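# An overview of the molecular structure
Residue-level listing of the chains:
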Amino acid sequence: MDTTQFRQLPAVHKLLESAVVASWCDVYARTDVVRALQAALSQARAALREGGTLESWDQPAILRIAADVLTRQAQLHLRAVINATGIVLHTNLGRAPLAAEAIAAVQESAMGYSNLELDLETGQRGQRYDHVEKVICDLTGAEAALVVNNNAAAVFLILRELANGVPVAISRGELIEIGGSFRVSEIMRESGAQLVEVGTTNKTHERDYENALNEGVALVLRIHASNFKMLGFTYKPSLDALVKLAHARDVPVYEDLGSGSLFNLKKVGIGEEPTVRESIAAGVDVVSFSGDKLLGATQAGIICGKKRYLDRLKKNQLLRALRVDKLTLAALEATLRLYRDEEIARSRVPTLHMMTRAVDDLRDDANRLADTLRKSLAAQGKGVVADVRVTRVESQVGGGALPSEDLPSYGVALHVVGVSEQTLLERLRAQSPPIIARIMKEEVIFDVRTIFAWQRDELVRGIANACTGCA
Ligand SMILES: *Cc1c(COP(=O)(O)O)cnc(C)c1O
């Protein structure tokens, strides 16, 4: 090893004098630039130690590496990724992408000041919930509404206010656990409610609720089964029947709808998801649902229902700890407004659009992706032997909504000779932006349903890089 070669590498202070590096210092902190140059130089020394030549480690080569290090260092930890899993509401990937209208609203209220808690007419203090209450009521038929941090927080607040220290009836079939170990039985205990289990796991009858009501429960809780489904020998009373039973004894009914759709998906042939409006029309006193599941907005828990109960919730001290910020309210208001027209909602709310896309469109997308990918791989000419094929797949709604409802879709299946599927997935995650795909039957699958049109070029570049082993 000839370590005298090391001395012929440019020194950091010399590199800092170059025009290119000086321009970096306009954008990045000087300490970060120095660190990147040091990292590039130590790579060069390591390469020379392994028998590399000085010619291949000239100044431009070192600066290329440093530039690369610099962009990586500048990358935020929370990054945008391409979702090629076909799972529309992927909790690990941030659930719902926002509508353009919501993004614009977020940007506007983030840039400066807003009337978050100011009544512009009177100049007096206003309520942050005023910005969304009316539109929620219009869309659901409810008398009043409120928004908290997420639906889990909504469940907690409602039980705490309406059921602290009192018995609450819930069917054994609805004592579920949903993602992130959120257990209904435990959240009830935490909130101070006394759990009264009604019926059996598969069947709960009207008379079971009646018995519980006769023994003095103070609230009837109905919970959407979310990410699980019972089949076969099952029974539960209709919402109408349940409300009638409870109201006959002046007991309120609270329904945790989970996803809570404002759009009637049944009408377009997807699932059996009840709408929030149906629950309110059935007479349910309080309903809660998520902002970032089927609604397709931001993380939030939306509560709506009868004014007398909502008034109590609004006065609860806990609300202060669960309150939403201006960005959430901005995104939510803009998204909710889109729902005033079903067709607008369907074309503008990205999650709704993805869920309801025609299968022919998806097939066209998959064919286009496969073609460009083949061309890109051929153009690289690096001897990669890859099999690119269009295939039928099933997408999922995700987010605990419609668990048994697979959506027919199309994807591109990729197999690279000599590269395992796991390795390919790892390489895809190492791209910028990272690409998240899944493995099916020993092939890596890119489901086009969740890929945005504006991501196509980046996607093809990323996949081609992953095939050849470049980052
Ligand atoms: C998803 C879900 C929740 C939790 O909602 P988050 O908005 O994720 O907090 C609560 N209850 C049910 C039935 C759910 O499906």
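Note that the structure is a prediction, hence the values are computed from the model and not measured. (Residues numbered from 1 in each chain as written. Predicted model: local features only at pLDDT ≥ 70, side-chain atom pairs only at ≥ 80, totals over all residues. Heavy atoms only, no water.)

### Some points on the pattern of salt bridges
With the rule as written, the count across this model stands at 27 salt bridges. Across the pair R35 and D32 runs a salt bridge, and its minimum N-O distance is 3.5 Å. With R35 and D32 both in helix 4 (residues 30–49), this residue pair falls 3 residues apart, about one helical turn. Its salt-bridge partner being D447, residue R438 comes within 3.9 Å of it at the nearest N-O pair. The pair R438 / D447 is uniform in exposure class, with both members buried. (Salt bridge = Lys/Arg side-chain N within 4 Å of Asp/Glu carboxyl O. Helix = DSSP H or I, 4+ residues; strand = E, 2+ residues; numbered from the N terminus. Buried < 20%, exposed > 50% of the residue type's maximum accessible area, 1.4 Å probe, protein only.)

### Some remarks on the site of the ligand
Lining the immediate surroundings of the ligand are R95, N150, N151, A152, I178, F182, H224, S226, D256, G258, S290 and K293. Between K293 and the ligand, the recorded distance is 2.8 Å, taken from a side-chain N or O atom to an oxygen atom. When the ligand sits alone it has 390 Å² of accessible area, and the protein chains cover 91% of it. Those elements giving two or more residues to the shell around the ligand turn out to be helix 8 (151–163) and strand 9 (253–258). (Near = heavy atom within 4 Å. Polar contact = N/O pair within 3.5 Å; in protein donor to acceptor, adjacent residues only side chain to side chain. Areas by Shrake-Rupley, 256 points an atom, 1.4 Å probe, with all protein chains shown as cover.)

### Remarks on the sheet that holds strand 8 (residues 219–223)
Taken together, the 7 strands give an open sheet; going across it, the order is 3-11-10-9-8-4-7, and neighbouring strands pair in mixed fashion. The open sheet terminates on both sides in strands that have one partner only, identified here as strand 3 (144–148) and strand 7 (194–198). When strand polarity is set aside, the average angle formed by the axes of neighbouring strands in this sheet is 20°. Bridge count between strand 8 and strand 9: 4 bridges; the pairing is parallel. (Pairing = 2+ DSSP bridges. Axes fitted to C-alpha atoms, helices over the stretch in contact; angles between N-to-C directions.)

### Section: the domain arrangement of the protein
Taken domain by domain, the protein consists of domain 1 (4–74), domain 2 (82–91 + 356–468) and domain 3 (100–348). For domain 2 versus domain 3, the separation of C-alpha centres amounts to 35 Å. Of the residues lining the interface, 11 residues belong to domain 2; the matching set on domain 3 comes to 16 residues. Summing the contributions of domain 2 and of domain 3, the shared interface buries around 1,000 Å²; its carbon and sulfur component is 67%. Linking domain 2 with domain 3 are 0 salt bridges, by the criterion used here. (Domains from an automatic or database assignment. Contact = heavy atoms within 4.5 Å. Buried area = accessible area lost by both parts, 1.4 Å probe.)

### Quick word on the UniProt feature "modified residue: N6-(pyridoxal phosphate)lysine" (unreviewed entry) in the protein
Residues given the UniProt feature "modified residue: N6-(pyridoxal phosphate)lysine" (unreviewed entry) here are K293. Within the secondary structure, K293 sits in the loop between strand 10 (286–290) and strand 11 (301–305). With a relative accessible area of 7%, K293 lands in the buried category. Contact partners of K293, with chain neighbours within four places excluded, come to L89, R95, G258, S259 and G399. (UniProt positions renumbered as here; feature names shortened; annotations may be inferred.)

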